[in-house]
Every structure is written in structure tokens, then in C-alpha cells.
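# Summary of the model geometry
Listed below, chain by chain, are the residues.
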Amino acid sequence: MSVAKFFDYVEAHQSDFIDRLRKAVEIPSVSSEAARRPDVVRMSEFLVSELETLGASVETRDVGMQKMHDGTTLKLPPVVLATYGNDPAKKTVLVYGHYDVQPALKEDGWNTDPFTLVEDEEGRLLGRGSTDDKGPILGWINVIEAHKSLGLELPVNLKMCFEGMEESGSEGLDDLILLEAKKYFADVDVVCISDNYWLGTTKPCLTYGLRGVSYFHLSIKGPGRDLHSGVFGGTVHEPMTDLFAVMSNLVAPNGKILIPGIYDQVAPLTEEEERTYDNLAFQMDELHSAVGSKVNIFDSERDILQHRWRYPSLSIHGVEGAFYNAGDKTVVPAKVIGKFSIRSVPDMEPEKITELVKKHIESEFAKLNSKNVLNIECSHAGKPWFATPNHWNYVAAAKAVEKVFNVKPDMTREGGSIPVTLSFQDALNKNVLLLPMGRGDDGAHSINEKLDRSNYIQGIKLLGTYLHEIAEIKAEEQ
Ligand SMILES: C[C@H](N)C(=O)N[C@@H](Cc1c[nH]cn1)C(=O)O
Ligand SMILES: [Zn+2]
Ligand SMILES: [Zn+2]
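Quick caveat, the model's predicted, so the values are computed rather than measured.

### Some points on the coordination of the zinc ion (ligand 2)
Ideal values differ by geometry: the angle at a metal is 109.5 degrees with four tetrahedral donors, but 90 or 180 degrees with six octahedral donors. Distances from the zinc ion (ligand 2) to its protein donors, namely D132 (OD), E167 (OE), E167 (OE) and H445 (NE2), fall within the range 1.9 to 2.7 Å. Every donor residue of the zinc ion (ligand 2) comes from the same chain, spaced as D-x34-E-x277-H. Distance-wise, the zinc ion (ligand 3) is placed 3.4 Å from the zinc ion (ligand 2), both being coordinated by D132. Note that E167 is positioned in the loop between β8 (157-163) and α5 (173-180) and H445 in the loop between β19 (431-434) and β20 (450-452), a separation of 278 residues in sequence.

Shown next as C-alpha cells:
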């Protein structure tokens, strides 16, 4: 079938699709904040309603309770499972996305309210979740709408799995995938996830690798309450001083991780892998514009990509319990929790990472001779993922990119993490493809997150065309 009618529909309904994204961005579905949990649930209800209106069969799955760090529990948001089409003669494509978002406050430096979708004069659709991952999720829904309105059958059966905890470790989802592998997901042929970004700003890509992530909470407590630094400073072991001493020995300013043994598990770089970095559409100035300055550690594009994709990194994120407001409060915080994470790569194992981190931190803390109490916990961990990109799933996606963008896609890996990717690959034993919608400078997790109007609209065409190309794959190509 020619996709021309579908393309025309998408072009003509841009405003409707942007309105749908506007409604989604208005729901502040921040999974990491307990107070926002009702909004995360509201976001799931929004998706259910959109999908049901379009005639999909939808169910929500309760995935249990989340144990919070203070010992309380909180109900996890539901996983939305939906099916559109159920023809045994067609292939079945499972698509995954997440409807939760990272936190965002105007005071963080946003130019506009993060939970109001604003289109600027350059066609950038600004708002939290626009690119990560509400735009792509709605992309699939828009594809269904276009086909339904045009009276066209989808060329495949579409199964959807949308979760609300991806930004907080995908709690509960692995168990559901294992439970449903031979039931709800039994007839899945291939998996497609749109939840990452082009390498730069101009060329689409298909992605076949992700780093894993292990997130740590390092707490140090001592005094029974916050103290006056004038009265007690110099006379007590201060948790914040201990925390800074320990945390300053995690990573060097040049990015080298200081935890002994951490690089021992990293797979060596082969000549074959080295060649995959040749001719990628990635320029230093694109990195500078995505970062917002020229603070790159490495001077070559190749080194930058290798340190983003195939070497581990350690980032320090923040300190809970520390004084951080404007002004000069002279407090000694009684308990502080340092937050950091390690992006892991093949062949690193989360259990080994945690063991090495704990050993190193305990030994650094012991050197301080402090009477404070230290506790270190891994709050969530996901493994790195790697797929073979010559599967027909990738062939279909590459053809779709050529039809929509008139260019062959770059084949990339990604520095971020989507732990469920590996869960689907292992539990269903099916090929998984990452098919990004947004650009490398979208600012996911940052201030002023955006999705360009053209990426949203062309992205809808891409997702729809990919489904058509999957249907076109001949038996001998499989
Ligand atoms: C790549 C994806 N869009 C994403 O942002 N993933 C998150 C997942 C995560 C894990 N812990 C917290 N968030 C990421 O890579 O940070
Ligand atoms: Zn994210
Ligand atoms: Zn995401």
C-alpha cells in the first residue's frame, strides 16, 4: 500500500496531534515524587481514554507497591496494555513507551512553565515529557487515529505496553513481562521502542545499544538534629564533611571512575567495533549546542561517542538534606544523602558494581575515623543492552527512515538507559529496535525540554511507515 494518504492525513492534522501532546504535557506525571503519584495515575487514565476512543482493547495492570526510602509504601502506577488489531495472518509488533517524566520546576531555569506546552517561533514544542517520552507514545496513538480516520487497516497487529515508572527504575514491570511472556506477549514478533534521540540534529538513526544504570544513595548521619555551626562547629563529626570527603573519591574531574576494579569488567574495544564509529553524523558543534557550552572532556567526536556508549561513567546528582536555598544559613545538617549513579556497559554486572561501590565507600569512610554512621544502598539497577542490528526489524525501520527522510539512518548506540529493553529481549526472545523521534539537543531530563514540531510530525510518519515496512518483509528475509 502507498503511505501517501497516511502522510497527507498526518500533515493535515498537525494541530490535533499537537493538542494531544499539549494535554499530555499538562499532566505532571513525575514518578520520582510521591506527591505527584496521583498525576502519574491521571496520565495513565488519559492514555486509556485516548486508546479506548480509538477502539483499542485496553487493560491496566496493577504492579504492586513501591517501598519508599522512609519505610512507607506507595501504590505503583498501572502498566497500560493495549491491543489494536488481532489478525493471525498479520505480524504482531509490540511497542513500549513510558508516560512518567523527570521532575521539573520553573525555578530550575525553564524559560516557560514546564507543564504547559509552548511552541516557540522556531517550531520547538517546549514542555516536560515532550520528547521523553510523551511525544513518541502519542506518536503511536496518532498512527492509529490516522488509519482509523482514513478507513485503513493497520498492516500489523499492534500491542502496546506503556509504563509510569521508567524514570524511577521501572519498578514492577519486569515481573509483569515475565508473567505475560507466554500469555499477553505470546504472539509478539518484534519489539520497537521510541524513547531515545538522534545523535545530532539533522540525521535520523536506529539504535542497537544502551548503557545500564545503577543508582546509589549514600547516607551519613550523626547528630540527633540539625545544629548551630557556631555552637557545635569544630566539636562534632559533621555528616556533610564526611559525605564530601567520600564522594570526592568516586570520580576524577576528567571523568575517570576512582572505584578500584570497576573497569575490569568492561569489554575490550575490538577493531570491528572501532569501525562502527566511522562516518557517523556527529559534529563537535552539535555537542556544544546540546550541552550549552564547550566543556567537553575529549577533543574528538570518536572519543566522545565511545565514552558515551561503551565506557562507564559516574555522575553525582545531588545531596538530600543539605542546605541549598539562597542566603547564608549556618546549619550543620544532621543527616545527608548523596545521590550518584553509574552508567554501565557490556560486560558489567549490577551485583558486581554494587559490591565494588560498597567496598570502596566503606574503605574511604573508614579512613576518616568519623563517629558518624554511613549507609550505602543501590536503589535501582538495570543492565546494559545490545542487539544485533542486521535483523529484519532493523531492515524494516531503515526502509521507513529512507521513505520519510530520504536518507539512510545512522546506526547508533545510546548513553542513556531503558532497562526494560533487555527484559523484553530476554523474556520474549525477540528482536528489539530503538527508533527515536527526537533530536540530540532536545534536552531530555534538562530545562527547556523540547520536541521539534517537524520531528513530531515526521516521527508520526516514521512510526506508521515502519509498521507498513514490517508487514512488507517477506518470509525469505526473516
Ligand atoms: C533514554 C530514556 N529516555 C531515559 O531517559 N532513561 C532514563 C532511565 C532512568 C534510569 N534511572 C532513572 N532514569 C535514563 O537513562 O536516565
Ligand atoms: Zn528519561
Ligand atoms: Zn525516556
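### A few points about the sheet that holds β20
Read across the sheet, three strands follow the order β6-β7-β20 without closing on themselves; strand pairing throughout is antiparallel. Two strands lie at the open edges of the sheet, namely β6 (118-119) and β20, each paired on one side alone. Where β6 lies against strand β7 (residues 124-126), two bridges are found, and the strand directions are antiparallel. Of the residues in β7, the one forming a bridge with V118 is L126.

### Here's the deal with the site of ligand 1
The environment of ligand 1 is formed by D132, E166, E167, D195, Y197, V213, R343, H380, G416, S417, I418 and H445. Between a nitrogen atom of ligand 1 and a side-chain N or O atom of Y197, the distance comes to 3.2 Å. At 2.8 Å, a backbone N or O of S417 approaches a nitrogen atom of ligand 1. Relative to its unbound accessible area of 390 Å², ligand 1 is 94% covered by the protein chains. Tallied by class, residues from the shell around ligand 1 come to three nonpolar, four polar and five charged.

### Describing the nonpolar core
Core analysis: the biggest nonpolar cluster contains 92 residues, and L51, V93, F185, F424, Y456 and Y466 have the highest contact counts within it. Those residues in contact with Y466 that lie beyond four places of it in its chain are V93, W140, V190, V191, C192, N393, A396, A397, A400, L433 and L435. Counting residues in hydrophobic clusters, the runner-up holds 26 residues, among them F216, M247, I262 and A322.

### So, the coordination of the zinc ion (ligand 3)
Looking at the zinc ion (ligand 3), one finds its protein donor set to be H98 (NE2), D132 (OD), D195 (OD) and D195 (OD), positioned 2.0 to 2.7 Å from the metal centre. Taken in sequence order, the residues that donate to the zinc ion (ligand 3) follow the motif H-x33-D-x62-D.

### Some remarks on the UniProt feature "active site" (unreviewed entry) in the protein chain
The positions that UniProt labels "active site" (unreviewed entry) are, in the present scheme, D100 and E166. Look at the named residues: they lie 67 residues apart in sequence, but the longest C-alpha span between them is just 6.8 Å, so in the fold they bunch up. Residue D100 is classed as buried on the basis of its relative accessible area of 0%. The contacts of D100, once residues within four sequence positions are left out, are S29, S31, D132, E163, G164, M165, E166, E167 and S168. A polar atom in the side chain of D100 sits 2.7 Å from the side chain of S31. Turning to its location among the elements, E166 is positioned in the loop between β8 and α5. The contact partners of E166, leaving out residues within four places of it in the chain, are Y96, H98, D100, D195, S417, I418 and P419.

### Some words on the environment of E33
Tracing the chain through its elements places E33 in the loop between α2 (14-25) and α3 (37-53). Judged by relative accessible area, which is 34%, E33 ranks as partly exposed. Sequence separation of E33 and S168 is 135 residues, and the distance between their C-alpha atoms is 9.6 Å.

### Observations concerning the packing of aromatic side chains
Within this structure, the stated rule accounts for ten aromatic pairs. Consider the rings of F185 and F424, whose centres lie 5.8 Å apart with planes at 90°: the pair is edge-to-face. Within this pair, whereas F185 is found in the loop between α5 and β9 (190-193), its partner F424 is found in helix α13 (residues 420-428), the two being separated by 239 residues in sequence. F424 matches F185 in its accessibility class, with the two residues each being buried.

### Details of the environment of V246
Locating V246 in the fold gives a position in helix α7 (residues 239-247). Residues contacting V246, with those up to four places away along its chain left out, are L218, I361, E364, F365 and L368.

### Points about the UniProt feature "domain: Peptidase M20 dimerisation" (unreviewed entry) in the protein chain
UniProt annotation of "domain: Peptidase M20 dimerisation" (unreviewed entry) refers to residues 208-366 when read in the numbering used here. The span residues 208-366 is 33% helical and 22% strand by assignment, and the distance between its end C-alpha atoms comes to 42 Å.

### Brief notes about unusual backbone geometry
Cis peptide bonds are those with omega within 30 degrees of zero, and the linkage from D132 to D133 qualifies with 10°. Checked against the element boundaries, D133 lands in helix α4 (residues 130-150). Residue D347 is reached from P346 by a cis peptide bond, and omega for that bond is 0°. As for its position among the elements, D347 is in the loop between β15 (335-344) and α11 (350-366). Despite not being glycine, N429 has its phi angle at roughly 55°, a positive value. Looking at where N429 falls in the secondary structure, it is placed in the loop between α13 and β19.

### A few points about the confidence of the model for the protein chain
With 100% of its residues at a pLDDT of 70 or more, the protein chain shows a mean pLDDT of 97. Scored by ipTM, the complex comes to 0.97, with pTM at 0.94.

### Structural notes on the pattern of salt bridges
Within this structure, the stated rule accounts for 32 salt bridges. Close ionic contact of D452 with R439 constitutes a salt bridge, the shortest N to O distance being 3.5 Å. Taken together, the positions of D452 in strand β20 and R439 in the loop between β19 and β20 put the pair 13 residues apart, joining distant regions of the chain. Classification of R439 as buried rests on a relative accessible area of 19%. A salt bridge links D442 to K450; the shortest N-O distance between them is 2.7 Å. Judged by its relative accessible area of 2%, D442 is buried. One network of salt bridges, with partners in common, ties together R439, D441, D442, K450 and D452.

Conventions we followed
- Residues numbered from 1 in each chain as written.
- Chains lettered and ligands numbered in written order.
- Predicted model: local features only at pLDDT ≥ 70, side-chain atom pairs only at ≥ 80, totals over all residues.
- Heavy atoms only, no water.
- Donors = N, O, S within 2.8 Å, 3.2 Å for Na, K, Ca; no water.
- Helix = DSSP H or I, 4+ residues; strand = E, 2+ residues; numbered from the N terminus.
- Pairing = 2+ DSSP bridges.
- Near = heavy atom within 4 Å.
- Polar contact = N/O pair within 3.5 Å; in protein donor to acceptor, adjacent residues only side chain to side chain.
- Areas by Shrake-Rupley, 256 points an atom, 1.4 Å probe, with all protein chains shown as cover.
- Nonpolar A, V, L, I, M, F, W, Y, C, P; charged D, E, K, R; others polar.
- Core = buried A, V, L, I, M, F, W, Y, C linked by side-chain atoms within 4.5 Å.
- Buried < 20%, exposed > 50% of the residue type's maximum accessible area, 1.4 Å probe, protein only.
- Contact = heavy atoms within 4.5 Å.
- UniProt positions renumbered as here; feature names shortened; annotations may be inferred.
- Phe/Tyr/Trp six-rings, centres within 6.5 Å; stacked < 30°, edge-to-face > 60°.
- pLDDT = per-residue confidence, 0-100.
- Salt bridge = Lys/Arg side-chain N within 4 Å of Asp/Glu carboxyl O.

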